[in-house]
Amino acid sequence: MIYFLFLNHPKGEELYSVPHEREEMARRYFKNTDTIETEVSIKGKTYSAIVDYGVFSNLSNFDCFNCQDHCCADNPSKYEPQTRKFVLDNLEDYNSLTRNVDILMDLGYSIEEIKESILSDELMIPAEHVEEEISLCTCSFKPDNSSTICALHSLCLDKGMGTEGVLEYKPVICSLWPMEIFAEDDLSTLYITLPDDLTNGFVIEDYYSNACINREYGDSPQFRRMNPDGFDKDGYRPFIVSYADTIRYGLGERCYTDIRDSLLEDGLVSKQDFTSTSQQINKNF
């Protein structure tokens, strides 16, 4: 079994291979919990999927601009050709956010060398400087030295793109986080869930330290020490609602509909929950 979202990680199998103990836990969990079988479409490829749909009713609040956590703490994916072209086509705006060009020029690189790096280096920056000069993800930036957010995401919104544009240019793992997707080694089946009390033993993300998917932690003194303003207390909604556009465009309309209908049928969400149309993915800093 593999962590599907880490398949394109620069560290390769070291990260995407699921440890044996965790695989056993994941298989046992999916065997004993209520699931649906559906079809997902990710970056133009279609997969069969088993979805732990109940967790999509869990409360979530992606109030990123009131959060100091470093979700963009590393470079989680080799960049795809369309992303590299997007950065080169918007290099001045990209640099105004990330300062990557300025940093590399200060280190002695020419603009031609920097453009070539964006085209050819795995992380769009010379490998020897990935950790030395940019400890966060290559495409992250900190407006007003505060929250860490994504330059690719922001540029897409600045260019008038909606959800589809954001999901086209951001790496899959960044777009679909904090969803957890396990897969058979041959990708014949994907298994989709979220971090929570019952899954925390085998998922990668720690449910207990993520305020966006754990309201109790979001209200805790520990979180408020790092994030004095805290999260909007009225902003917590079922994950299927707060992440609706991301699920629809990131996993496909059929997957979204199958999850939504199953939750409604089981009474885990109500039709009134879907009255809100505000989506975090379309909010800019």
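Residues numbered from 1 in each chain as written. Predicted model: local features only at pLDDT ≥ 70, side-chain atom pairs only at ≥ 80, totals over all residues. Heavy atoms only, no water.

Looking at helix 4 (residues 91–98), one finds that the buried residues are L91, Y94, N95, L97 and T98. For helix 4, the arc enclosing every buried residue in end-on projection is 160°, short of the 170-degree limit, so these residues lie on one face. Those residues of helix 4 hidden inside the fold are in contact with helix 3 (81–89), helix 5 (100–106), helix 6 (111–120), strand 5 (140–141) and helix 7 (151–158). At the C-terminal side of helix 4, R99 shows a positive phi close to 65°. (Buried < 20%, exposed > 50% of the residue type's maximum accessible area, 1.4 Å probe, protein only. Helix = DSSP H or I, 4+ residues; strand = E, 2+ residues; numbered from the N terminus. Arc of directions from axis to C-beta. Contact = heavy atoms within 4.5 Å.)

With that settled, consider the side chain of T83. Along the chain, T83 falls in helix 3. At 2.7 Å, the side chain of T83 forms a polar contact with the backbone oxygen of Y169. Dropping the residues within four chain positions of it, T83 is found in contact with M124, L152, E168 and Y169. (Polar contact = N/O pair within 3.5 Å; in protein donor to acceptor, adjacent residues only side chain to side chain.)

Once that is clear, we can look at the pattern of salt bridges. Any two side chains of opposite charge can pair, on the condition that their charged atoms come close. Under the counting rule described, the total for this entry stands at 11 salt bridges. Between K43 and E80 there is a salt bridge whose closest N-O contact spans 3.3 Å. A residue pair is termed long-range when its members are at least 10 positions apart, and K43 in the loop between strand 2 (36–42) and strand 3 (45–51) and E80 in the loop between strand 4 (59–60) and helix 3 qualify at 37 residues. Judged by relative accessible area, K43 falls into the partly exposed class, the value being 32%. E122 is the salt-bridge partner of K78, the closest N and O atoms lying 3.7 Å from each other. You can see K78 sitting in the loop between strand 4 and helix 3 and its partner E122 sitting in the loop between helix 6 and strand 5, a full 44 residues away along the chain. One continuous salt-bridge network, built from bridges that share partners, spans E23, R27 and E184. (Salt bridge = Lys/Arg side-chain N within 4 Å of Asp/Glu carboxyl O.)

With respect to the secondary-structure elements, T38 resides in strand 2. For T38, a relative accessible area of 5% puts it in the buried group. Within polar-contact distance, the side chain of T38 engages the side chain of D258 at 2.6 Å.

Here we come to unusual backbone geometry. Backbone torsion omega between W177 and P178 reads 10°, so that peptide bond is classified as cis. Relative to the helices and strands, P178 is located in the loop between helix 9 (172–176) and strand 7 (180–183). At M124, a residue that is not glycine, the phi angle is positive and equals roughly 60°. Judged by relative accessible area, M124 falls into the buried class, the value being 4%.

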